[in-house]
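Fold and contact review
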Amino acid sequence: MSAGWDGVISLCEQAVGKAYPAAVLGVSLGRDRKLAPFGSAVLSTWFDLASLTKPLVTALLCLRLIESEQLFLEEVVLPASAGGPPVTVRMLLRHVSGFPAWLPLHEQVSGAHGTDGRRRAEVIAAAERAERGPAGVRAVYSDLGFIVLGALLEKRTGLRLDALTAPVFAQLGAELGYRPLDAPPPDGISEARCAPTRTE
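Cut-offs applied
- Residues numbered from 1 in each chain as written.
- Predicted model: local features only at pLDDT ≥ 70, side-chain atom pairs only at ≥ 80, totals over all residues.
- Heavy atoms only, no water.
- Helix = DSSP H or I, 4+ residues; strand = E, 2+ residues; numbered from the N terminus.
- Buried < 20%, exposed > 50% of the residue type's maximum accessible area, 1.4 Å probe, protein only.
- Contact = heavy atoms within 4.5 Å.
- Areas by Shrake-Rupley, 256 points an atom, 1.4 Å probe, with all protein chains shown as cover.
- pLDDT = per-residue confidence, 0-100.
- Pairing = 2+ DSSP bridges.
- Phe/Tyr/Trp six-rings, centres within 6.5 Å; stacked < 30°, edge-to-face > 60°.
- Lys NZ or Arg CZ within 6 Å of the ring centre and 35° of its normal.
- Patch = residues over 30% accessible without salt bridge, like charges linked within 9 Å, V, L, I, M, F, W, Y side chains within 5 Å.
- Salt bridge = Lys/Arg side-chain N within 4 Å of Asp/Glu carboxyl O.

Some points on the overall build of the protein chain
Assigned secondary structure in the protein chain consists of six helices and four strands. Tracing the protein chain from N to C terminus, the helices and strands come up as α-β-β-α-β-β-α-α-α-α. Counting across all 200 residues of the protein chain, residues that qualify as buried make up 33%. Put simply, 58% of the contacts in the protein chain that link residues at least 6 apart link residues at least 24 apart. Surface accessibility of the protein chain: about 12500 Å² in total, with carbon and sulfur atoms responsible for 56%.

In structure tokens:
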């Protein structure tokens, strides 16, 4: 794996301040493992992975439940709309459910007056009743579809996504924390350990 590693390191260093303010690269091949921090990061830096929760959390958990036959690809999740077929787990995973890419759901919930649980339930309900085009016609990368899919996983298992994901990441030796954007970091994690999300 050493061949080409210096070139990769050079490319990553050149991207600091252009493509990202900080990064950590990890590569494993068999027992050979290499880690390298860039920019303001160190190996223990925490990164905001909100945009990656679809593949790293929801889709991964879906596959695990499918493997254990607690969930099925052709299982109907939502009724048909706009003359198309009903929405299945497979359609939600493939982003062909007919949902739009996103909606300002945060504007449709009770805001500061509701509890966290109530706000979550309202967001899920708003996503489920959002107007959809016919399913199976075209792919649109949709936040709403994965909100619905995540809610299905929680209902099926009786656990929140963070509780479902924790043992998976523990097996990988990775730390994972969930928090709203305006909440403090998880216990034991100082703000200084969190990577910046943009360069000024």
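Description of the confidence of the model for the protein chain
Averaged over the protein chain, the pLDDT score is 85; the fraction of residues at 70 or greater is 86%. Ranking the elements of the protein chain by mean pLDDT puts helix α6 (residues 161-171) last, at 85, and helix α3 (residues 89-93) first, at 97.

A short note on the pairing of strand β1 (residues 22-29)
The side chains of a regular strand alternate between both faces of the sheet. In the sheet, β1 pairs with strand β2 (residues 32-39) via eight bridges, with the strands oriented antiparallel. Its bridge partner being in β2, L29 is matched across the sheet by D32. The hairpin formed by β1 and β2 contains two residues between the paired strands, and G30 there has a positive phi angle of roughly 60°.

Describing the packing of aromatic side chains
What describes a pair of aromatic rings is the distance from one ring centre to the other and the angle between the planes of the rings. Throughout the structure, instances matching the rule amount to zero aromatic pairs. In this arrangement the basic side chain of K34 is found over the ring face of W5, its NZ or CZ atom lying 5.7 Å from the centre.

Observations regarding a nonpolar patch on the surface
Residues V24, L35, L43, F47, L49, L52 and L56 make up a contiguous nonpolar surface patch of roughly 530 Å² in combined accessible area. A residue is classified by how much of its surface remains accessible, and L56, at 35% relative accessible area, is partly exposed.

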